[in-house]
Amino acid sequence: SSGINAEYGDDYGNSVGDNERGLLLYNGGTVCDDHFDQTAANAICIEMGFSGAVTWASGSYFESQYEFMIRLDEVHCESNLWESCTWRTDHDCSHNEDVFLTCSSPVTTQSFRLINEEGQSARSGLLLYNDGTVCDDWFNSTAAQAICQELELPGGNATYYSGVYYENIQSDLEITLDDVKCRSASWSSCDYIETNNCGHHEDIFLSCNDDSSTDGPDPTEPPTQSQLAFQLINENGNPVGANVEA
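Residues numbered from 1 in each chain as written. Predicted model: local features only at pLDDT ≥ 70, side-chain atom pairs only at ≥ 80, totals over all residues. Heavy atoms only, no water.

**Digging into the pairing of strand β14 (residues 204-207)**
Pairing analysis gives 3 bridges linking strand β9 (residues 124-129) to β14, with the strands arranged antiparallel. If you follow L126 over to β14, its bridge partner there is F205. (Pairing = 2+ DSSP bridges. Helix = DSSP H or I, 4+ residues; strand = E, 2+ residues; numbered from the N terminus.)

What follows is the structure, given as structure tokens:
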């Protein structure tokens, strides 16, 4: 999918904190609200490294808006992933249709671990997410590879199975991840829920390995702001932080 660069900021162009207004930019220009909705807002916030969008609005809030070209229009997204979105780079808009976003807190590094029967870190064993187990619903080899990469372990030949093998450990843990579905071997392509309808007999055990002579695929790092085409800025043109509200 195409990378996107988003920035937002306050009325003075300075970085802002929670619940402050941010103007959305794409390649240095504003984004028109035609067809824009909450799904598009989520996709763009997630692409920028946030966990999602709190809300969005459109209008003329910053005097500085009129200094920009309008660079993006008719953004329509089928899901919360930018790769599902379509858009146009020409437009039939005015600046009173510029999009402002509020993005939720930045995504922190996913807390995956593999442990052995003694509860010690290992290259294979029981898979933990935020210190709970992972259910096998929808889990497949692509998800296994994505999680191995997130663990910075080789995953080209990752294998997994489910069941109760560390009963003394598993029985004391909550199940903290379910319905993991990945479109590629990158965790950023994965959907999941943090509720579950599982039992511990569905807990995932994972082995990260690669049958090649290399050290395996490099871990996929989330894109930095400088690598992205979208920006959220304040009125002085400086990037803003999380929870920037229109």
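**As for the state of the cysteines**
One pass over the full model with this rule turns up 6 disulfides. Across the disulfide from C77 sits C85; the S-S distance is 2.1 Å. For the disulfide bridge between C77 and C85, the dihedral angle about the S-S bond is near 105°, and by the sign convention the bridge is right-handed. Residues C77 and C85 agree in their burial class; the two are buried. There is a disulfide in this structure between C148 and C208, and the S-S distance comes to 2.0 Å. A torsion of -90° about the S-S bond marks the disulfide between C148 and C208 as left-handed. Highlighted residues: C148 in helix α2 (residues 141-150) and C208 in the loop between β14 and β15 (229-233), separated in sequence by 60 residues. With respect to burial, C148 and C208 carry one shared label: buried. With its disulfide-bonded cysteines labelled consecutively along the sequence, the protein chain is connected as 1-5, 2-6, 3-4, 7-11, 8-12, 9-10. (Disulfide = S-S within 2.5 Å. Buried < 20%, exposed > 50% of the residue type's maximum accessible area, 1.4 Å probe, protein only.)

**Considerations on the pattern of salt bridges**
Within the structure shown, the criterion is met by 4 salt bridges. D131 is the partner of R113 in a salt bridge, and the nearest nitrogen-oxygen pair spans 3.1 Å. With R113 in strand β8 (residues 112-115) and D131 in the loop between β9 and β10 (132-134), the pair connects residues that are 18 residues apart, well separated along the chain. Residue class for R113 comes out partly exposed when judged on its relative accessible area of 33%. In this structure D131 comes out as partly exposed when scored by relative accessible area, which is 48%. Between D191 and R183 there is a salt bridge, with the nearest N and O atoms lying 3.0 Å from each other. (Salt bridge = Lys/Arg side-chain N within 4 Å of Asp/Glu carboxyl O.)

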